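These are the residues of each chain, in order.
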Amino acid sequence: YISSNMLLVKDMASVATQATQLMILEMLHGENPLAGKMGEQLEQATQDLAAQVKGLPTSDAYKEVVRFCESMRLEIFFSPHGACMPVQTHSMRCHDEAGTPLLLRRQPNARTRQPSLCAGCDCFVLDARHSDFWASRYVDNWLAYKRAERSGDVNGFKVIKERAQQAGKLLKKIGISVAKFDAEIESALGAEHVAG
């Protein structure tokens, strides 16, 4: 618990700030595609910045990104499944779920924040750093759905299938092919069939 230790709070804020700047710099260089609604908005909002840093040495490009982030007052909150950039606080789904008044929406609501809710939020962004979470979600949910399908009863598995499809779309958006995960799923199902 760190909320009362200002040195730790300051250090964590600094790490988050640097991670934000690095995410944007990598995106500008075409090294790290973003997904999520905020990812799309960042790509649009940084077109001028991308042109400005094109051809600059990395250290100079990073300085421009730092200036951009400071001028926009970009703040980001990371989690294993993605990041929240609460720029459009009026449409934060975690706060809509909790009924939080607009004036109190400064960061994501930890009580209601969860992957499926975040993935459709205007403030959500993810990149390759979050791929492990979404790959696991893709495999686990497809396995559950396909097992139910094999047993002949997919009633109650609609949400499971939707989670798998959502994870697949997000992985593709950040440049990760799901083919290897599909092969992993088929292998696991095949092994279960032989064992059964």
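As the structure is a prediction and not an experimental result, all values here were calculated from the model.

Engineer: Would you explain the overall build of the chain in this entry?
Structural biologist: A count of helical and extended segments in the chain gives 9 helices and 3 strands. Secondary structure elements in the chain, listed N-terminal to C-terminal, are α-α-α-α-β-β-α-α-β-α-α-α. Referenced to the eigenvectors of the C-alpha coordinate spread, the extents of the chain come out at roughly 60 × 45 × 30 Å. Relative to its 196 residues, the chain shows a buried fraction of 40%. A separation of at least 24 residues holds for 63% of the contacts in the chain among residues at least 6 apart in sequence. Positive and negative side-chain charges in the chain, numbering 23 and 23 respectively, have mean positions lying 4 Å apart.

Engineer: I tried to follow helix 2 (residues 37-45) on my own but got confused; where do I start?
Structural biologist: Structural remark: α-helix, 3.6 residues per turn; residues separated by three or four positions point the same way. What helix 2 keeps buried is the set Met38, Gly39 and Leu42. Along the axis of helix 2, the buried positions cluster into a sector of 105°, meaning they face one direction only.

Engineer: Help me understand the packing of helix 7 (residues 131-151) against helix 9 (residues 179-195), please; the structure alone is not making it clear to me.
Structural biologist: Helix-helix packing is characterised by the crossing angle of the two axes and by the distance between the axes. Where helix 7 contacts helix 9, the axes come no closer than 10 Å and their chain directions differ by 40°. Classified by the angle between their axes, helix 7 and helix 9 sit oblique to one another. The handedness of the crossing between helix 7 and helix 9 comes out as right-handed. Counting all contacts with helix 7, which are made through Ala135, Tyr138, Val139, Trp142, Leu143, Lys146, Arg147 and Arg150, the residues of helix 9 involved are Phe181, Asp182, Glu184, Ile185, Glu186, Ala188, Leu189, Gly190, Glu192 and His193. Partitioned by chemical class, the residues of the contact of helix 7 with helix 9 number 9 nonpolar, 2 polar and 7 charged.

Engineer: For this particular structure, what's the right way to read the nonpolar core?
Structural biologist: A general feature of soluble globular proteins is that nonpolar side chains tend to end up buried together. Counting 30 residues, the largest nonpolar core has Phe124, Leu126, Trp134, Tyr138, Leu171, Phe181 and Ile185 as the members making the most contacts within it. Ranked by the residues each element gives to this core, the list is headed by helix 7, at 7 residues. Sequence-distant contacts of Leu171, that is, excluding residues within four places in its chain, are made with Ser131, Trp134, Ala135, Tyr138, Ile176, Val178 and Phe181. Ranked by size, the runner-up nonpolar core spans 19 residues in total, among them Ile24, Met27, Leu42 and Ala61.

Engineer: What am I meant to see in the packing of aromatic side chains here?
Structural biologist: The relation between two aromatic rings is expressed through the spacing of the ring centres and the mutual angle of the planes. Here the structure, examined in full by the defined rule, presents 4 aromatic pairs. Plain terms: the ring middles of Phe133 and Trp134 are 5.1 Å apart, the flat faces sit at 80° to each other, and that makes the pair edge-to-face. Measuring from ring centre to ring centre gives 6.5 Å for Tyr138 and Trp142, while their planes differ by 80°; the resulting arrangement is edge-to-face. Here Tyr138 pairs with Trp142, and both are found in helix 7, just 4 residues apart, close to one helical turn.

Engineer: I tried to follow helix 7 on my own but got confused; where do I start?
Structural biologist: For helix 7, spanning 21 residues, the distance from its first C-alpha to its last is 30 Å, which sits close to the expected 30 Å at 1.5 Å a residue. Among the residues making up helix 7, those that are buried are Ser131, Trp134, Ala135, Arg137, Tyr138, Val139, Asn141, Trp142, Leu143, Tyr145 and Ala148. Where helix 7 is buried, its residues meet helix 6 (115-119), strand 3 (124-125), helix 8 (158-173) and helix 9.

Engineer: So what exactly am I meant to see when it comes to the packing of helix 7 against helix 8 here?
Structural biologist: For the pair helix 7 and helix 8, the least separation of the axes is 8 Å and the interaxial angle reads 145°. The handedness of the crossing between helix 7 and helix 8 comes out as left-handed. Packed against helix 7, whose contacting residues are Ser131, Trp134, Ala135, Arg137, Tyr138, Asn141, Trp142, Ala144 and Tyr145, the element helix 8 presents Ile160, Lys161, Arg163, Ala164, Gln165, Gln166, Ala167, Gly168, Leu170 and Leu171 at the interface. Residue composition of the contact of helix 7 with helix 8, grouped by class: 11 nonpolar, 5 polar and 3 charged.

Engineer: What is the right way to read unusual backbone geometry from this model?
Structural biologist: Most peptide bonds take the trans configuration, and most residues that are not glycine carry a negative phi. In this model, Arg73 sits at a positive phi of 55°, which is unusual for a non-glycine residue. Locating Arg73 in the fold gives a position in the loop between helix 4 (58-72) and strand 1 (77-79).

Engineer: I keep staring at the side chain of Asn141 and nothing clicks. Help me out?
Structural biologist: Looking at the element boundaries, Asn141 is found in helix 7. Asn141 sits in the buried class, given a relative accessible area of 9%. Residues contacting Asn141, with those up to four places away along its chain left out, are Ile160, Arg163 and Ala164.

Engineer: Sorry if this is basic, but what is going on with the sheet that holds strand 2 (residues 82-84) here?
Structural biologist: The strands making up a sheet are joined through hydrogen bonds of the backbone, oriented either antiparallel or parallel. Overall, antiparallel pairing links the 3 strands, which are arranged 1-2-3 in an open sheet. Each end of this open sheet is capped by a strand with a single partner; those strands are strand 1 and strand 3. Pairing of strand 2 with strand 3 involves 2 bridges; the strand directions are antiparallel. Looking at the pairing, Ala83 lines up with Val125 of strand 3.

Definitions and limits used
- The residue numbers shown here count from 1 along each chain, following its written sequence.
- In keeping with the model being predicted, local features are shown solely for residues with a pLDDT of at least 70 and side-chain atom pairs are shown and tallied solely at 80 or more, while totals for entire chains, interfaces and linings include all residues.
- With hydrogens and water set aside, each side-chain value is computed from the structure's full complement of heavy atoms.
- In DSSP terms, a helix is any run of H or I states spanning at least four residues, a strand is any run of E spanning at least two, and both are numbered starting from the N terminus.
- Only protein chains enter the calculation, and the probe is 1.4 Å; a residue is then buried if its accessible area is under 20% of its type maximum, exposed if over 50%, and partly exposed in between.
- Note on definitions: a residue-residue contact is assigned when non-hydrogen atoms from the two residues lie within 4.5 Å.
- In this count, Lys and Arg are taken as positive residues and Asp and Glu as negative ones, while His and the chain termini are left out.
- Every charge is mapped to an atom, namely NZ of Lys, CZ of Arg, CG of Asp or CD of Glu.
- Throughout, the arc means that of the directions going from the helix axis to the C-beta atoms.
- Here an axis means a line fitted to C-alpha atoms, over the contact stretch when the element is a helix, while the angle between two N-to-C directions is reported on a 0 to 180 degree scale.
- We call two directions roughly parallel when the angle between them is under 35 degrees, roughly antiparallel when it is over 145, roughly perpendicular when it lies between 65 and 115, and oblique otherwise.
- For any helix crossing, the convention is left-handed if the near helix is rotated counterclockwise from the far helix by under a right angle, and right-handed if that rotation is clockwise.
- Ten residue types, Ala, Val, Leu, Ile, Met, Phe, Trp, Tyr, Cys and Pro, are classed as nonpolar, four, Asp, Glu, Lys and Arg, as charged, and the remainder, Gly among them, as polar.
- To form a nonpolar core, buried Ala, Val, Leu, Ile, Met, Phe, Trp, Tyr and Cys residues must be joined to one another through side-chain atoms within 4.5 Å.
- Each Phe, Tyr or Trp ring (for Trp, its six-membered ring) is paired with any other whose centre lies within 6.5 Å, and the angle between the two planes then decides the class: stacked below 30 degrees, edge-to-face above 60, tilted in between.
- Helix span, as expected, comes to 1.5 Å for every residue beyond the first.
- Two strands qualify as a pair provided DSSP detects at least 2 bridges between them.

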